[in-house]
Amino acid sequence: MPIVADNISYAYNVGTSAESVALRGVSFTVERGEWVSVVGHTGSGKSTLAQHLNLLLTPRSGSVSIDGAEAKPGSGESRVARRRVGLVFQYPETQFFAETVRAEIEFAPSNWGVSGGALKACVDEAVSASGLDPALLESNPFALSGGQRRRVAIASVIAMRPDYLVLDEPTAGLDAAGIRELIQFLSGVRDAGLGVVQVTHDLRSALSYSDRILVLENGSRVVSGTPEFVARHIIDNPVRGLVIPPVVRFADALRKKGMNVPLICEVDEMVRAIGIYKERNKKCGS
Amino acid sequence: MRFMSAPSIGQFIPGESFIHGLDPRCKIVATVILMTGLFMASGIPDFLLWFCLLLLCSALSGIKLGVILRSGRPVLFLVLVTVVMNLLWTPGTELARLGPLRITREGVLLASSMGLRLLFLVIFAGMLMMTTSPMAFSDGLERIMSPLSLLRFPTSEMAMMMTIALRFIPTLFEETDRILKAQISRGADFESGGILRRARSFIPILVPLFVLVFQRAENLAVAMESRCYVPGARRSRMNPLKWRGRDSSALAGLALFVVFAIFCDRYLFKAILAWLAMR
Amino acid sequence: MFSIRAAAYSYSESGTPALDGVDLEIEQGEWVALVGANGSGKSTLAKICNALLAPTQGTCFVMGLDASDPQNTSAIRQNVALVFQNPEDQIVASIVEEDVAFGPENLGLPPDEIRRRVDRALLLTDLELYRARGSYSLSGGQKQRLALAGALALEPDALLLDESTSMLDPEGRDSFLSCLGELNRRGMTILQITHRMEEAALAGRIVVMESGRVAWDGPPPDFFDGGYLRWSFEEPPEMALHHALLTRGLIPQGTKPGVEDMLEALCL
């Protein structure tokens, strides 16, 4: 059962001089157990799309349905949608308000009336899923390191046990170790059966980790599909603000020479292919 | 929907018009004169004159009338309350009666003039902010207040604070919108429950906002320091304020208008009305 | 340009020191990338180089001026400008050109000189078209270039960049980095703190910080030939590719890590 956004359009500041169209008839699907990346330049509409998935925004035209039921604005239904689709904003640690990590993580589930033992179970589950040290539960969230704060912020959304997790630039501001841990965590979340949507301007990370990619440019869909397919398309038709990772360009050059390597592949794979190729035609001396 | 959008008041609209080019001191003094004049206005015909002035301002600033009028929007509710209060609680000649509520002739007059006065006040203040860059505005204010610095009043620091405050209004509204959306995404509910519960529900908005503002302030202070800002030290200006002939003429013209408007309101319109009544 | 000797700094008396004996010499015109995990002391070092903090032990000389001496503060800040991570934290005025003018105004320069500097800084950062615009209406990349313009208007000899590209998208980052490249060609000394190895590869020299000390110092090729493996940096895949091709002897020593260079050297 997927989230389906069907042909949605949206504009900000309608009716004022600052009116700006953010989405133009974009369609999007994410299944449970799947990792979809939405990539595009700043202002391409990718964050606006993310905010439609949990009904923070309602489309001007088109529709969003969650697991087959069309989501309509109205406080009852949109609250249900918000629990099923957890949305993690960019720099989510800036929403902290509680004095302890525990209270911060309890916030979301308790807003839906979860209490007592069930609440504790929610918190424990979120803490272990996000790889957070349980000893930190009673500490002050503001006193943690950057990477730990990001985990607490994501755990605080996971704690409401959503079926989908939508993250806006989740790796922004993290160092290399922090990014690796986060990517690992998100793969775990996906493997546990949640639908993961990652909004990012980093084509490289989208190509390496996601199952499918949607590319937006100026509010419109440019291409969508598997990383391999999307990479092929962007090499042939450059998209504003998206840089083809050098290794993908390298793989493309190898393919043009007739080597059988996928566009998205490991370094070892390419080196092996080059070795075989060189072995076969020993004509170019050193 | 954007939950919080920056108010249109306080937003500078860059331009090169006559009004944009006036000295900020001229515009600040002009706004004070206009406000004084508005407090003396009382009759509906008088407000027609003021409206004509607004049309003139629109032409001289190159800003559309609709955009200028929109700066009155934030106070519409206040205006409405003022109008209703005056309409219902002014004693005098009865015009209509609805149960215990009496609407009087005096009430209608007072309500309309109070409402219009408030609206015009805000719109003219908005006009000042729309045509004056925040930096020029605080420069102007600093110079107007400069006699106070003799009394050790920190006018230049005050002006710098104002520049920064104005600069951060749009940013803070954006941040508030983001925090609000993030907490709603975590199930925050601002609509149900009693007053106490609702008040408590704003803690998850206010705490992050305060944290953010303090962080911003700290970072900004470091950035300003690294850009050689020393509080209280003498600064120069890229565009030093220059009082020109047209500033004097604009101010004189405006003063004449206000005197004329008050004269009309006090004598001319009354005389015309009296004359019409005699016929 | 910068001469740092055994510099140490602690934010609190009891806590672990942010800097724990740093020795670093940076010459005029160098472009140095300062890398290291969060909390390794990179930002503290940048603040010491800008006289925002004074080392609790050791010394820092900037262009021969002792950064601990309050009398030198103003001269150092004019010669060494700092650009931070978040452009929103550095923009003081609502209008682009007014913000660029902020620094020179603080120096008390005459209006003509301020205008000349503002024009030059806007030209260098490719923002002339936006000079009368509201700073809030700029994109992230443009805002960061505005922060850079504000720093350049001080006409410094060195730039300190504290993760200045980390909040930008690829478009904004590219435009920002190409500005830096041009400035460096004109002789600007650049000390750039970054997490991105692709950016570090652009520099002429890489300095790794670890627990408040300099842990490695050398040119990028040496760093990427294996030096980086000791620290948990994100390794750009093209560097891993370069390394793998080198070790298998598929490309000769000295081949640059660019895609085109490697392809050419492979002679397929």
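The structure displayed is predicted, hence computed values, not measured ones.

What to know about the pairing of strand E8 (residues 189-193) of chain C
Residue and element names in this part refer to chain C.
Point 1. Burial analysis of E8 places 5 of its 5 residues in the buried class, the great majority of the element.
Point 2. Covered by surrounding structure in E8 are Thr 189, Leu 191 and Ile 193 together with Ile 190 and Gln 192, the residues of both alternating faces.
Point 3. Pairing of strand E3 (residues 31-35) with E8 involves 4 bridges; the strand directions are parallel. Pairing of Ala 33 across the sheet is with Gln 192, part of E8.
Point 4. Where strand E7 (residues 158-162) lies against E8, 5 bridges are found, and the strand directions are parallel. Bridge pairing links Leu 159 to Ile 190 in E8.
Point 5. As a crossover connection, the stretch from E7 through helix H6 (residues 170-185) into E8 is right-handed.

Things to note about the interface of chain A and chain B
Point 1. On the side of chain B, 22 residues touch chain A, which itself brings 28 residues to the contact.
Point 2. With both chains or domains summed, chain A and chain B bury close to 2100 Å², and 56% of this area falls on carbon and sulfur atoms.
Point 3. At the surface where chain A touches chain B, the tally comes to 1 salt bridge.
Point 4. The closest approach of N and O atoms between Glu 104 of chain A and Arg 186 of chain B, which form a salt bridge, is 2.7 Å.
Point 5. Seen at the junction of chain A and chain B, the total is 9 residue pairs in polar contact (both at pLDDT 80 or more).

Structural notes on the confidence of the model for chain C
The predicted coordinates ought not to be read in detail in places where the model reports low pLDDT.
Point 1. Scored by pLDDT, chain C has a mean of 86; 96% of the residues are at 70 or more.
Point 2. As a predicted assembly, this complex carries a pTM of 0.81 together with an ipTM value of 0.88.

A few points about the environment of Ala 159 of chain B
All names here are of chain B.
Point 1. Examined against the element boundaries, Ala 159 turns out to sit in helix H9 (residues 155-185).
Point 2. Taking the C-alpha atoms as reference, Ala 159 lies 51 Å from Leu 95; in sequence the two are 64 residues apart.
Point 3. Setting aside residues no more than four positions away along its own chain, Ala 159 makes contact with Ser 138 and Glu 142.

A look at empty space enclosed by the protein
Point 1. Counted under the stated rule, the structure contains 3 cavities of 30 Å³ or more.
Point 2. Roughly 50 Å³ of internal volume is contained in the second largest cavity.
Point 3. Along its surface, the second largest cavity is lined by Arg 167, Pro 170, Thr 171 and Glu 174 of chain B together with Glu 88, Ser 135, Tyr 136 and Lys 143 of chain C.
Point 4. No other element matches H9 of chain B, which puts 4 residues into the lining of the second largest cavity.
Point 5. In terms of residue class, the lining of the second largest cavity is built from 2 nonpolar, 2 polar and 4 charged.

A closer look at the interface of chain B and chain C
Point 1. Contacts between the two partners involve 33 residues from chain B, matched on the other side by 38 residues from chain C.
Point 2. Summed over both partners, the interface of chain B with chain C buries about 3100 Å², with 53% contributed by carbon and sulfur atoms.
Point 3. The largest share of the area that chain B buries against chain C comes from Arg 167, Arg 227 and Met 238 of chain B, three residues that together contribute 29% of it.
Point 4. At the boundary of chain B and chain C, one finds 5 salt bridges.
Point 5. Between Asp 89 of chain C and Arg 216 of chain B there is a salt bridge whose closest N-O contact spans 2.5 Å.

As for the nonpolar core
Point 1. Val 100, Leu 148, Leu 152, Leu 159, Leu 180, Leu 183 and Ile 206 of chain C are the most contacted members of the largest nonpolar core, which has 47 residues in total.
Point 2. Among the elements that take part in this core, helix H5 (residues 140-152) of chain C stands out by supplying 6 residues, more than any other.
Point 3. The contacts of Leu 148 of chain C, once residues within four sequence positions are left out, are Val 83, Thr 125, Leu 159, Phe 176, Cys 179, Leu 180 and Leu 183 of chain C.
Point 4. Counting residues in hydrophobic clusters, the runner-up holds 42 residues, among them Ala 22, Ala 50 and Ile 66 of chain A together with Leu 180 of chain B.

What about the domain arrangement of chain C?
Point 1. Domain annotation of chain C identifies domain 1 (2-87 + 157-234) and domain 2 (236-268).
Point 2. Centre-to-centre, using C-alpha coordinates, domain 1 of chain C lies 29 Å away from domain 2 of chain C.

Notes on the domain arrangement of chain B
Point 1. Once the domains are mapped, chain B shows domain 1 (11-132 + 242-279) and domain 2 (153-230).
Point 2. For domain 1 of chain B versus domain 2 of chain B, the separation of C-alpha centres amounts to 33 Å.

Description of unusual backbone geometry
Apart from glycine, the bulk of residues carry a negative phi angle, and the bulk of peptide bonds sit in the trans form.
Point 1. Of note in the backbone geometry, Asn 7 of chain A takes a positive phi value of approximately 55° without being a glycine.
Point 2. Here Asn 7 of chain A shows up in strand E1 (residues 3-12).
Point 3. In this model, Asp 126 of chain C sits at a positive phi of 60°, which is unusual for a non-glycine residue.
Point 4. Examined against the element boundaries, Asp 126 of chain C turns out to sit in the loop between helix H4 (111-124) and H5.

A closer look at H4 of chain C
All names here are of chain C.
Point 1. Under the 1.5 Å per step criterion, the end-to-end length of H4 is 20 Å for 14 residues, consistent within 8% with the ideal 20 Å.
Point 2. Taken residue by residue, H4 has Ile 114, Arg 117, Val 118, Ala 121, Leu 122 and Leu 124 as its buried positions. Mapping the buried residues of H4 onto a view down its axis gives an arc of 160°, with all of them on the same face. Exposed and oriented more than 90 degrees from the buried face of H4 are Asp 112 and Leu 123.
Point 3. Turning to H4, the residues buried within the fold contact helix H3 (96-106), H5 and H6.
Point 4. Of the residues flanking the end of H4, it is Asp 126, one or two places downstream, whose phi is positive at about 60°.

Conventions used here
- Residues numbered from 1 in each chain as written.
- Chains lettered and ligands numbered in written order.
- Predicted model: local features only at pLDDT ≥ 70, side-chain atom pairs only at ≥ 80, totals over all residues.
- Heavy atoms only, no water.
- Buried < 20%, exposed > 50% of the residue type's maximum accessible area, 1.4 Å probe, protein only.
- Helix = DSSP H or I, 4+ residues; strand = E, 2+ residues; numbered from the N terminus.
- Pairing = 2+ DSSP bridges.
- Right-handed = clockwise from strand over helix to strand, strands pointing away.
- Contact = heavy atoms within 4.5 Å.
- Buried area = accessible area lost by both parts, 1.4 Å probe.
- Salt bridge = Lys/Arg side-chain N within 4 Å of Asp/Glu carboxyl O.
- Polar contact = N/O pair within 3.5 Å; in protein donor to acceptor, adjacent residues only side chain to side chain.
- pLDDT = per-residue confidence, 0-100.
- 1 Å grid on protein atoms, 1.4 Å probe; cavity = no way out; pocket = protein on both sides within 12 Å on 5 of 7 lines; lining within 4 Å.
- Points joined across faces, edges and corners; volume = space filled by probe spheres on them.
- Nonpolar A, V, L, I, M, F, W, Y, C, P; charged D, E, K, R; others polar.
- Core = buried A, V, L, I, M, F, W, Y, C linked by side-chain atoms within 4.5 Å.
- Domains from an automatic or database assignment.
- Expected span 1.5 Å × (residues − 1).
- Arc of directions from axis to C-beta.

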